[in-house]
Each structure stands twice: as structure tokens, then as C-alpha cells.
Amino acid sequence: MKKIQMVDLQSQYFKIKNEVDNAVLNVMESAQFVNGPEVKLFQKELEDYLDVKHMIPCANGTDALQIALMALGLQEGDEVITADFTFAATVEVIHLLKLKAVLVDVDYDTFTIDPEKIRQAITPKTKAIIPVHLFGQCTNMEEILKIAKEHNLYVVEDNAQAIGAEFTFSDGTVKKAGTMGTIGTTSFFPSKNLGCYGDGGAIFTNDDELDYKIRGIVNHGMYKRYYHDEVGVNSRLDSIQAAVLRRKLPFLNQYNDARRKAADYYDSAFSGHPNMLIPKRYAQSTHVFHQYTLRILNGKRNELQEFLTSKEIPAMIYYPVALRKQKAYFQDSKDADFINTDKLLDEVISLPMHTELDAEQLKYITESVLEFMNK
Ligand SMILES: *Cc1c(COP(=O)(O)O)cnc(C)c1O
């Protein structure tokens, strides 16, 4: 059996090696390393795929979030509501910009921010909400957009984990993750569903003015060459990464299908088990399974992880610590308001999930998990 990895980028690369190698070599020969034609073509192709008016490439998913918040012109002390249970980048950029992060609890079944908790956290200083489409499934955007409209708030979707997922609104409208809010952001970190071979990111918006503003911010606040109208940053996607991404984008739906197929296999092995909850698939959103995350109910999550390690099966805890308890972002709040986050920190375990899992590996992983859970 092929060695099991959390993410197998090598096998995926070998399947498209020729196209990717040629594309990268062409960039080298053209010597257009920055803002070359590959970047512009990738921008257009991703705009078409997502059906969004503007995609602005940038250096990584964390920059994308920071630039999105800069473009909204928020002022020091303005409040931004986001989830307590997610990757730190979201709250890190809020702090960097001297805004106030207001962390709220998530929904136990979908792992994503609980709209009811957003409502309770709104104050006159609230300016924006950052829903994170965690583990590959959209947050309840219908509810969040409704709240945002009622209270006149911006919505920045952190879509680093759910590119390609679709959300169906109750009127039947279908939109892709990252294109529903005021601004959407994503990461092309190698292990993401659409990953490059280094760092990369992008920002999405349907608003022409924001597009103009963001293109200035990513380029040192320059709207006219050597005239700096505001303090910006330097954040670019390089041509080599764009060339890789252009060869991978045509396979994104296939990649997401392969992840879903692996998830289906896991689901059928574990569903109904008294001590395990499979990830809930929310009717309004498709799931692109950036992670396949089980909840272990018998208090033996850590022992399960150790057992799997002993069987050479990697498994990860995303995420082990609440952001509100991190030294850097400490938020003095009542644990009683974070019942779901605190339960999830003790229960979640993510199994190997990528596009290259084969039948033999899936069988071995599920049998090993069940061997421990049925002991
Ligand atoms: C990966 C990730 C990011 C950051 O992306 P980078 O490209 O690593 O900066 C932000 N938010 C979430 C939810 C992520 O998973």
C-alpha cells in the first residue's frame, strides 16, 4: 500500500507533470516573472469559473484578508465579528489593523459561525462580519447576508477552504463560495483545494470601486505610477504560481469530486456509530471537503490519534485551541457563551483527505478507526 499522507501533493503533481512543467518553463523563457500574461489569464479564468466580476491576485490568503479589511476603510477600534473556532489568520489581520475582533461561537454540526451569535454580538461599533467557510462547506450565508443588510455591515468571506463550493439561496439562486459577500478571499497554499507550488492568494468582489481600491492597495497604494495616495502593501501572485494554477483550475471540480468520494466512503463506514459523528452536510451548501472532520464522543479523541499514528495513519486536530484563549488574541469572555467551540476542541479529528486516496488506503484507514472505536 502507498504510504498514507494527510495530503498527497506529489501523486497529484505526477498526473499533470507534463503540462505544469512546460508552463513553468515557458514562464522562465519569457522572463515575465511578475504580472506576466499567465497572471492575467489566470485572473480571467478564475473570474469565469466563480462567476465573479473581479479577482485581484495577491501573495497569500492572509494578505488577502488584510487587504480586504484595508479596502473597507475601517477605523481603529471598529468591531469585526468572526468565529472563535478557525485558523488564526482571520483574527490575526483584524488585530494587525488595530480593529477589535469580536469572537463568537460556532454551530456544533457545521463548524461554522452561528448567525444567532452574530446577532447577539452586534454593537454600534460593529462594521463587518468575517464568516469562514470552514473545512469546505459554506457558512449559512443567507442568514448572514440578512443580518448584514439589517445592520448595514460589510461581509468578508474567508474562502481559503471552500473554493468551488456552491450555496443555494431559498429563492433558488446559486452562488459560489467567496462571491456572495462584499469581498471574498482565498489562499492557494499547496494543501488547499486549489493549491499552487508555493504561496498565493486572491481577493474577489463584484463592486467596481472596491476592485479599483484593492488593486491600488496591493501595489503600495499606487493608483498612478509613483503617486502614493494611501498606505498600501506589496502583495503579488507571481507568474510561475499563476502558470501552475492555470493548469490545475480545469481539474478543480474533478479534485473536489474526488474529495467528496473519499468523504462518502468515510461516511458510509462511520455513520450511525454510537461514539462518532460524521461531518454534517448542510442542505444549502455543497461540501468540497477541505478536511474530513469527525467528532469523537467517548472522550478518547487523543488516544484515537495516537492509535492511528501507531498504524502510520496521520490524523490532525484542526483546531486544538480556541482563538479567544490564544495569548495574542485573548478575549475576556464567558466560557458559557462558547459551548460548541469548547466541545469541538476536545472532539474533532481530521482524517487524511486529498484527491489521491485509493480504495486500499480508504479501507485501511476506516478499518483502523473502527478497530479502535469498537474496542
Ligand atoms: C489557509 C488559511 C488562511 C491563510 O492562507 P495563507 O495563504 O496560508 O496565508 C486563512 N484562513 C483560513 C481559514 C485558512 O485555512
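Source: prediction; values computed, not measured.

Definitions and cut-offs
- Residues numbered from 1 in each chain as written.
- Predicted model: local features only at pLDDT ≥ 70, side-chain atom pairs only at ≥ 80, totals over all residues.
- Heavy atoms only, no water.
- Patch = residues over 30% accessible without salt bridge, like charges linked within 9 Å, V, L, I, M, F, W, Y side chains within 5 Å.
- Areas by Shrake-Rupley, 256 points an atom, 1.4 Å probe, with all protein chains shown as cover.
- Salt bridge = Lys/Arg side-chain N within 4 Å of Asp/Glu carboxyl O.
- Helix = DSSP H or I, 4+ residues; strand = E, 2+ residues; numbered from the N terminus.
- Near = heavy atom within 4 Å.
- Polar contact = N/O pair within 3.5 Å; in protein donor to acceptor, adjacent residues only side chain to side chain.
- Nonpolar A, V, L, I, M, F, W, Y, C, P; charged D, E, K, R; others polar.
- Pairing = 2+ DSSP bridges.
- Contact = heavy atoms within 4.5 Å.
- Axes fitted to C-alpha atoms, helices over the stretch in contact; angles between N-to-C directions.
- Parallel < 35°, antiparallel > 145°, perpendicular 65-115°, else oblique.
- Left-handed = near helix turned anticlockwise from the far one by under 90°.
- Phe/Tyr/Trp six-rings, centres within 6.5 Å; stacked < 30°, edge-to-face > 60°.
- Buried < 20%, exposed > 50% of the residue type's maximum accessible area, 1.4 Å probe, protein only.
- Lys NZ or Arg CZ within 6 Å of the ring centre and 35° of its normal.
- UniProt positions renumbered as here; feature names shortened; annotations may be inferred.
- Core = buried A, V, L, I, M, F, W, Y, C linked by side-chain atoms within 4.5 Å.
- Domains from an automatic or database assignment.

Attention now goes to a nonpolar patch on the surface. A surface patch of nonpolar side chains, amounting to about 360 Å² of accessible area, comprises Leu-25, Met-28, Phe-33 and Val-34. Residue position: Leu-25 is located in helix H2 (residues 17-30).

If you check the shell around the ligand, you find Asn-60, Gly-61, Thr-62, Phe-87, Ala-89, Val-132, Asp-158, Ala-160, Gln-161, Ser-187 and Lys-192 and nothing else. Taking Asn-60, its side chain carries an N or O atom lying 3.4 Å from an oxygen atom of the ligand. The separation between a nitrogen atom of the ligand and a polar side-chain atom of Asp-158 is 2.8 Å. The fraction of the free accessible surface of the ligand (380 Å²) that becomes covered by protein chains is 90%. Residues of the shell around the ligand, tallied by class, amount to four nonpolar, five polar and two charged.

Strand order in the open sheet formed by three strands is S12-S13-S14, with antiparallel pairing between adjacent strands. Every interior strand has two partners, whereas the edge strands, strand S12 (276-277) and strand S14 (348-351), have only one. Here strand S13 (residues 292-296) pairs with S14 via four bridges, running antiparallel. Looking across to S14, one finds that Tyr-292 is bridged to Leu-351. Seen against the sheet, helix H10 (residues 252-270) touches S12, S13 and S14 and runs at an angle of roughly 20° to S13.

The next point concerns the packing of helix H4 (residues 61-71) against helix H5 (residues 89-96). The contact between H4 and H5 brings their axes to 9 Å, and the two run at 45°. Classified by the interaxial angle, the pair formed by H4 and H5 is oblique. In the crossing of H4 with H5, the sense of the turn from one axis to the other is right-handed. Taken together, the residues of H5 that come into contact with H4 (itself represented by Thr-62, Leu-65, Gln-66 and Leu-69) are Ala-89, Thr-90, Glu-92, Val-93, Ile-94 and Leu-96. Taken together, the residues of the contact of H4 with H5 sort by class into six nonpolar, three polar and one charged.

Here the focus is the packing of aromatic side chains. Scanning the model with the defined rule gives 17 aromatic pairs in all. Aromatic side chains Phe-42 and Phe-188 sit 5.5 Å apart centroid to centroid with 70° between the ring planes, which places their arrangement in the edge-to-face category. Taken as a pair, Phe-42 in helix H3 (residues 37-50) and Phe-188 in the loop between strand S8 (183-187) and strand S9 (201-205) lie far apart in primary sequence, 146 residues in all. There is no split in this pair, since Phe-42 and Phe-188 are both buried. Ring centres 6.1 Å apart and planes at 80° place the aromatic pair Phe-85 and Tyr-319 in the edge-to-face group. Taken together, the residues Phe-85 in the loop between strand S2 (79-83) and H5 and Tyr-319 in the loop between helix H11 (301-310) and helix H12 (339-347) connect sequence positions 234 residues apart. By relative accessible area, Phe-85 is classed as buried at 1%. Three or more aromatic residues link up through ring pairs in this structure, and these residues are Phe-85, Phe-87, Phe-111, Phe-135, Tyr-318 and Tyr-319. Between Arg-295 and the ring centre of Tyr-108, over which it is positioned, the NZ or CZ distance is 4.7 Å.

The next subject is helix H7 (residues 141-151). Of the residues making up H7, those classed as buried are Met-141, Glu-142, Ile-144, Ile-147 and Ala-148. The first or second residue beyond H7 is Asn-152, which carries a positive phi of 60°.

Take the UniProt feature "active site" (unreviewed entry) in the protein chain next. UniProt records the feature "active site" (unreviewed entry) at Lys-192, using the numbering of this structure. Relative to the assigned elements, Lys-192 resides in the loop between S8 and S9. Accessibility expressed as a relative area gives 16% for Lys-192, which makes it buried. Beyond its immediate chain neighbours, meaning those up to four positions away, Lys-192 contacts Ala-160, Ser-187, Arg-259 and His-290.

Structurally, Val-132 can be placed in the loop between strand S4 (126-130) and H7. Among the residues examined, Val-132 registers a relative accessible area of 6% and is labelled buried.

Moving on, we come to the nonpolar core. Residues Phe-85, Ile-118, Tyr-266, Tyr-292, Leu-308, Leu-351 and Val-369 are the most contacted members of the largest nonpolar core, which totals 61 residues. At five residues, the largest contribution of residues to this core is made by helix H13 (residues 359-373). Residues from two domains meet in this core; each of domain 1 (9-249) and domain 2 (251-373) gives at least three. Sequence-distant contacts of Leu-351, defined by excluding residues within four places in its chain, comprise Met-6, Tyr-266, Phe-270, Tyr-292, Leu-294, Leu-308, Ile-365 and Val-369. Counting residues in each nonpolar core, the second largest holds 31 residues, with Ala-64, Leu-72, Val-93 and Leu-210 among its members.

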